[in-house]
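Here's the letter readout for the chains.
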Amino acid sequence: MDGINQTLKKIDHNQISINQNRPLEQTQVKNLKNYFKIGLTYASNALEGNTLTESETKVVIEEGITIGGKPLKDHLEAIGHARAFDYLWELAKSADITENDIKELHKICFQPKDGAAAGQYRQVDVIITGSHHNDKLSRHEDVPAHMRDFAAQLPEKRARLHPVVYAATLHRDFIYIHPFEDGNGRTARLLMNHALLATGYPPVIISPAFKHEYIQALEKSHSNSQMFTHYIAEQVLQAQRDYIRLLHLPPV
Ligand SMILES: Nc1ncnc2c1ncn2[C@@H]1O[C@H](COP(=O)(O)OP(=O)(O)OP(=O)(O)O)[C@@H](O)[C@H]1O
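The shown structure was predicted, so the numbers you read here are calculated from the model rather than taken from an experiment.

K.L.:
How would you explain the site of the ligand if you had to name every residue and give the values?
P.N.:
In the neighbourhood of the ligand, 17 residues make up the surrounding shell, with Glu-48, His-178, Asn-184, Arg-186 and Glu-219 lying closest. At 3.0 Å from an oxygen atom of the ligand is found a side-chain nitrogen or oxygen belonging to Arg-189. For the shell around the ligand, the secondary structure elements donating two or more residues are α7 (163–177), α8 (184–198) and α9 (211–220). Class assignment for the residues of the shell around the ligand results in five nonpolar, seven polar and five charged.

K.L.:
Can you explain the packing of helix α3 (residues 54–63) against helix α4 (residues 72–91)? Please cite residues and give values.
P.N.:
Remark: α3 packs on α4, axes separated minimally by 9 Å, with the N-to-C direction vectors making an angle of 65°. Between α3 and α4, the angle is such that the two are roughly perpendicular. For the element pair α3 and α4, the recorded crossing hand is right-handed. On α4, the residues touching Thr-57, Val-60 and Ile-61 of α3 are His-75, Ala-78, Ile-79 and Ala-82. Each residue belonging to the contact of α3 with α4 can be placed in one class, and the counts come to five nonpolar, two polar and no charged.

K.L.:
Run through the pattern of salt bridges, naming residues and quoting values.
P.N.:
Should their charged atoms come close, side chains of opposite charge can pair. All chains considered together, the criterion is met by 19 salt bridges. The salt bridge partner of Asp-173 is Arg-172, with a shortest N-O separation of 3.5 Å. Residue classification places Arg-172 among the buried positions, given a relative accessible area of 14%. Within this structure, Lys-73, Asp-74, Glu-77, Lys-113, Asp-114 and Arg-186 form a network of salt bridges that share partners.

The rules behind each value
Residues numbered from 1 in each chain as written. Predicted model: local features only at pLDDT ≥ 70, side-chain atom pairs only at ≥ 80, totals over all residues. Heavy atoms only, no water. Near = heavy atom within 4 Å. Polar contact = N/O pair within 3.5 Å; in protein donor to acceptor, adjacent residues only side chain to side chain. Helix = DSSP H or I, 4+ residues; strand = E, 2+ residues; numbered from the N terminus. Nonpolar A, V, L, I, M, F, W, Y, C, P; charged D, E, K, R; others polar. Axes fitted to C-alpha atoms, helices over the stretch in contact; angles between N-to-C directions. Parallel < 35°, antiparallel > 145°, perpendicular 65-115°, else oblique. Left-handed = near helix turned anticlockwise from the far one by under 90°. Contact = heavy atoms within 4.5 Å. Salt bridge = Lys/Arg side-chain N within 4 Å of Asp/Glu carboxyl O. Buried < 20%, exposed > 50% of the residue type's maximum accessible area, 1.4 Å probe, protein only.

Okay, structure coming up:
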């Protein structure tokens with residue numbers, strides 16, 4: 001693996017090719033949105049134990065058909081995440097994101113499964129199973145203040161950091177607050193992808209096959225924040241290569 005600056009350089013180079021081919025045609029935008037929606041909904045839910053395959057996720061979302069033998073919860077998660085992605089797509093027309101937007105994103109994502117609890121901050125302390133750094137998670141009584149600070153600091157961080165570093169930082173900082181009782185992983189990945197989409201980068205879709213590497217990078221980032229940033233930068237590089245191939249873009 002290259003050093004982080006090398007990876008960012010390659011990302012900037014690929015982004016020139018991507019930006020040179022903008023604006024995209026309406027149909028291309030529509031197809032890409034659908035492609036990302038199904039891909040991210042499948043992968044992000046599967047990372048958290050949802051048993052629907054990618055094609056089953058597509059059938060549930062696009063045709064409203066249930067999959068025999070699969071839990072109702074898995075269907076409701078697919079429907080909620082797809083709706084949250086639609087909301088995110090609209091939000092990404094602006095790079096700004098507020099604390100209310102984040103709560104709304106969680107609400108839309110988890111209302112089908114969790115009803116009124118969706119979009120509400122937690123009232124209990126939580127732990128991340130398998131992590132050795134649970135002492136760093138926000139206490140439940142600190143969540144509102146930590147979320148207020150988190151949201152207030154976003155414009156300054158966005159102005160100072162490379163967009164990819166900013167997206168990774170957003171995910172990592174949000175996970176340390178863990179503001180909701182459930183659904184923090186999925187909300188963190190939606191937020192990170194908001195940051196990427198809003199600045200013209202393709203979204204990062206972490207395959208459940210690489211869950212171990214993703215969790216390891218997050219766990220290591222407790223002592224070295226660059227570990228996760230670098231991991232995400234490598235994922236963005238891969239996402240750009242897929243995007244360039246998908247749209248048959250010429251190399252720069
Ligand atoms: N060791 C770790 N260090 C830091 N973050 C971690 C670690 N392990 C997992 N995570 C993050 O926490 C998320 C899962 O958090 P948790 O197990 O509390 O589930 P959750 O809040 O219900 O979220 P979701 O339902 O989306 O999984 C993972 O998706 C990942 O982003």
